[in-house]
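Close look at the chain arrangement
Here is how the chains run, residue by residue.
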Amino acid sequence: MSESFPRLHARTRRFTLGVPRGFTIAPGGDRVVFLRTRSGFDPVTCLWEYDVLSGTERLIADPRALAADEEDLPPEERARRERSREQAGGIVGYSTDSAVTVAAFALSGGLYVVDLKTRNVRRLTTSGPVIDPRMSPTGVHVGYVTGGAFHIQDLEDEVDHALARPESPEVTYGLAEFIAAEEMDRMRGYWWSPSGEAILVERADESPVQHWHIADPANPARPATEQRYPAAGTPNAGVELFVLTLDGARVPVPFDDEYLVNAGWDAHGLSIVTMTRDQRTMRLFDVDPATGTSTLVREDTDPAWVDVVTGVPGHLSDGSLVWAATAEGGHRLIVGDSPVTPPTLQVRQILDIDGETVLFRASGEPTEIAVWAYRRGQITLVSPTEGGVYSGHTAGGTLVITGQTLGSEGSVTRVLHNGTPRGHITSHAERPTLDLRVSLIKAGERDLSTAVLLPAGHVPGSARLPVLMDPYGGPHAQRVLAASGAHLTSQWFADQGFAVVVADGRGTPGRGPEFERAVLHDLATPILEDQIDALHGAAARFPDDLDLSRVGIRGWSFGGYLAALAVLRRPDVFHAAVAGAPVTDWRLYDTCYTERYLGHPDEGHYDSSSLFADAEKLDRPLLLIHGLADDNVVAAHTLRLSSALLAAGRPHNVLPLSGVTHMTPQETVAENLLLLQVDFLKKALS
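Everything quoted here is computed from the prediction, not taken from an experiment. (Residues numbered from 1 in each chain as written. Predicted model: local features only at pLDDT ≥ 70, side-chain atom pairs only at ≥ 80, totals over all residues. Heavy atoms only, no water.)

Some words on the overall build of the chain
- Within the chain one finds 10 helices and 44 strands.
- Expected size for 686 residues packed as a compact globule is a radius of gyration near 26 Å; at 25 Å, the chain falls within 12% of this value.
- The C-alpha extent of the chain, read off along each of the three principal axes, is 70 × 55 × 55 Å.
- When each of the 686 residues of the chain is scored for burial, the buried share is 58%.
- A separation of at least 24 residues holds for 59% of the contacts in the chain among residues at least 6 apart in sequence. (Helix = DSSP H or I, 4+ residues; strand = E, 2+ residues; numbered from the N terminus. Rg over C-alpha atoms; globule rule 2.2 N^0.38 Å. Buried < 20%, exposed > 50% of the residue type's maximum accessible area, 1.4 Å probe, protein only. Contact = heavy atoms within 4.5 Å.)

Shown next, in the form of structure tokens:
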């Protein structure tokens, strides 16, 4: 008998195992290096290479062959994986030289390098567990971090040099601080020069950041884990930059703004991007690596907030700046000083810059994300014309396009060279045992992107079903996409007897700056209004299938906050809620995310978006779920709301998850969480 969806969903890490990812294309376009597990159930990631001309794959490095598949990770690496939401093990990241002839990676704290031609793998001797190894562009050295110190190792003589050592336990060199990794998608803390003779290195001092403690109540003999957590309104880590040379010289690169957003070092020079604490100003500087002197190149401002776009800064082969900014009501690609995309095409990410070509992701229709190329004043759609969610990479005339549509199972990775198809990189991902029945509609007065899912055996109009709203609802993330993988869990809930409605309201990406900025200073009212608007719009489209007298709502993280908010403030609409890892008091969440939308706590916008004052209003069933080891949305959020509900005499349920983080990676936990939610919702809505 085939496995149930909850079990399959858990074992396959949400069907991500076996999917090729992490692509690097050789400069000549003849080879593609990538990561993939051997099967859809195998959590151990291997390093592979695809030959573009022959269409064949070969295995480069397998952790099991290196006797390193049983992971013993240093705490810093576990934290990095939590920030990046990494769900697999093995070789989860790697770097290459600029010629893509040698690669470096870490396994269980060990440092490995592999010759991509011979597949000869070496383990190098290091002074401690290795974090984030990165090859120099010349392939002569590899940099890494251990014990907070930044090291380089010469690959010929294997001599190890510590170029920067921490002055105290609170200091690290070469690692991205918590806020950069969690909120700005910057996972790195050092950048090699093109010559390989110097490195720009971040120094992060966490001593100003307040101490929090995450305990393990199920194991009282274990001491609590101490964590530095920059909650809203409190100090961030102090970040500095230095240019370090191989001979040990150190040149400071001073900057005044609160946040280091990104840096880049290419043939046209060294650049850094900084942002003010209020996130209304972003600055791009060119830096002289010999003196550390910075020259302002560009300054972007916004009365609400400026947007962080990954993949910039960069330069075309002629030195023209590649940038992304908001202009004339749209998120736009900037080349030189001018926008080169229309304001109706919302640029989301810069993927690659190859000579005169810029590859980027953008949305015209909010539910679709396409890949486009800019070249010599023209933009061209390079992903398939069939609407879906796509990404890609390009170099040396080779284009790798990954994508998923609503009508197909799983993602497909296509390889093209000079416009000619050169085959597919195989996905070993398991297929979900579901019959997807999703309708994408525009609902409500704002034409909100909405998905309606009905049970596989349901005959439209035959019966009104209890409704389950299944949102995320907050900034940065979409749930309503033209991709089958986005709707798998919602379809499974539908198959348990619900009509599931998923809506992306104001604040979510894909529709432009005005739509996103509607949540400024209020993360509750517009977001909850739009869920109700979408619910009524869906009921108008499916009047004989949705029973609005039985409406539940579930969500995780921001979606958990939204679920709790719904039953507390609108019990006339929502009759039960499951709130997983919810933010309940925004003062307990981090600086960069929270202050972007609500400002500093002293400005007075927090109470209206938090939940404690609403505790006495609860008269609907509410299940709160929280991992006690969560270091992102800490368990105090749920525990404090539960205390407020108890003080108000309001019955509710709390499910604490011992040893579980924000990602809930454990298979049995992930499986049973789905089953327990269905059981709770069926009883509550019966």
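Here we look at the nonpolar core
- Membership of the largest hydrophobic core comes to 94 residues, with the highest contact counts inside it found for W323, L333, F360, L523, Y561, F574 and W586.
- Take this core: its biggest share by element is nine residues, from helix 7 (residues 558–569).
- If near-sequence neighbours (up to four positions away) are discounted, W323 is found in contact with V273, M282, L284, R298, D300, V312, P313, R332, L333 and I334. (Core = buried A, V, L, I, M, F, W, Y, C linked by side-chain atoms within 4.5 Å.)

Comments concerning the pairing of strand 44 (residues 653–657)
- Inspection of the sheet shows strand 43 (residues 622–627) paired to strand 44 by five bridges, in the parallel sense. In the strand pairing of strand 44, I625 is matched with L655.
- Handedness of the crossover is the feature at issue here: the chain leaves strand 43, passes through helix 9 (residues 636–647), returns alongside strand 44, and the resulting connection is right-handed. (Pairing = 2+ DSSP bridges. Right-handed = clockwise from strand over helix to strand, strands pointing away.)

Examining helix 8 (residues 591–598)
- Of all eight residues that make up helix 8, eight are buried, and the element is covered over most of its length.
- Those residues of helix 8 hidden inside the fold are in contact with helix 3 (178–183), strand 21 (259–266) and helix 7.
- The distance from a side-chain oxygen at the start of helix 8 to the backbone nitrogen of C592 is 3.3 Å, and the residue carrying that oxygen is D590.
- Directly after helix 8, the chain includes G599, whose backbone phi takes a positive value near 75°. (Polar contact = N/O pair within 3.5 Å; in protein donor to acceptor, adjacent residues only side chain to side chain.)

Observations concerning the environment of V669
- Its location among the elements puts V669 in helix 10 (residues 667–685).
- Between the C-alpha atom of V669 and that of W192, which follows or precedes it by 477 residues, the distance is 41 Å.

Side note on the packing of aromatic side chains
- As enumerated under the stated definition, the model contains 18 aromatic pairs in all.
- Between W492 and F493, the ring centres sit 5.2 Å apart and the planes meet at 75°, which makes this aromatic pair edge-to-face. The pair W492 / F493 is uniform in exposure class, with both members buried.
- Between W586 and Y593 the ring centres are 6.0 Å apart and the planes differ by 10°, which places this aromatic pair in the stacked class. (Phe/Tyr/Trp six-rings, centres within 6.5 Å; stacked < 30°, edge-to-face > 60°.)

Regarding the sheet that holds strand 7 (residues 102–107)
- Across the sheet, four strands lie side by side as 6-7-8-9; this open sheet has antiparallel pairing. Of all strands in the sheet, those bounded by a partner on one side alone are strand 6 (95–96) and strand 9 (121–124).
- Two strands pair when backbone bridges link them, and strand 7 and strand 8 (residues 110–115) are joined in this way by six bridges, in the antiparallel orientation. In the strand pairing of strand 8, A104 is matched with V113.

Quick word on the sheet that holds strand 24 (residues 294–301)
- Read across the open sheet, the four strands follow the order 21-22-23-24; overall the sheet is antiparallel. With one partner strand each, in any of the chains shown, strand 21 and strand 24 form the two edges of the open sheet. Pairwise comparison of adjacent strand axes, ignoring direction, gives a mean angle of 20° for this sheet.
- Where strand 21 meets strand 22 (residues 269–275), seven bridges bridge the pair, whose relative direction is antiparallel. Among the inter-strand pairings, D266 is bridged to a residue of strand 22, identified as G269. (Axes fitted to C-alpha atoms, helices over the stretch in contact; angles between N-to-C directions.)

Some thoughts on the environment of L488
- Tracing the backbone shows L488 in helix 4 (residues 488–495).
- Along the chain, L488 and P432 lie 56 residues apart, while their C-alpha atoms are 7.7 Å from each other.

Focus on the pattern of salt bridges
- Enumeration according to the criterion identifies 42 salt bridges in this entry.
- The salt bridge involving E595 is made with R277; its shortest N-O contact spans 2.7 Å. Highlighted residues: E595 in helix 8 and R277 in the loop between strand 22 and strand 23 (281–287), separated in sequence by 318 residues.
- The exposure class of E595 is buried, given its relative accessible area of 6%.
- As a salt-bridge pair, E356 and R375 come within 3.5 Å of each other at their nearest N and O atoms. One end of the pair, E356, is in the loop between strand 29 (346–354) and strand 30 (357–363); the other, R375, is in strand 31 (residues 370–375), with 19 residues separating them in the sequence.
- Taking relative accessible area as the criterion, E356 reaches 28% and is therefore assigned partly exposed.
- Because the salt bridges share partners, they merge into one network encompassing E445, R446, R506, E529 and D530. (Salt bridge = Lys/Arg side-chain N within 4 Å of Asp/Glu carboxyl O.)

Some remarks on the side chain of H331
- Structurally, the position occupied by H331 is in strand 27 (residues 330–335).
- The class of H331 is buried, set by a relative accessible area of 9%.
- Within the structure, H331 has its side chain in polar contact with the side chain of E516 (distance 3.2 Å).

Some thoughts on the packing of helix 4 against helix 10
- Contact geometry of helix 4 with helix 10 gives a least axis separation of 11 Å together with a crossing angle of 45°. Classified by the angle their axes make, helix 4 and helix 10 are oblique. Crossing angle aside, the handedness with which helix 4 passes helix 10 is right-handed. In this structure, helix 4 contributes T489, W492 and F493 to the contact, and helix 10 contributes L674, L675, Q677, V678 and L681.
- Its residues assigned to classes, the contact of helix 4 with helix 10 comprises six nonpolar, two polar and no charged. (Parallel < 35°, antiparallel > 145°, perpendicular 65-115°, else oblique. Left-handed = near helix turned anticlockwise from the far one by under 90°. Nonpolar A, V, L, I, M, F, W, Y, C, P; charged D, E, K, R; others polar.)

So far we have only geometry, and geometry alone does not tell us how the molecule works.
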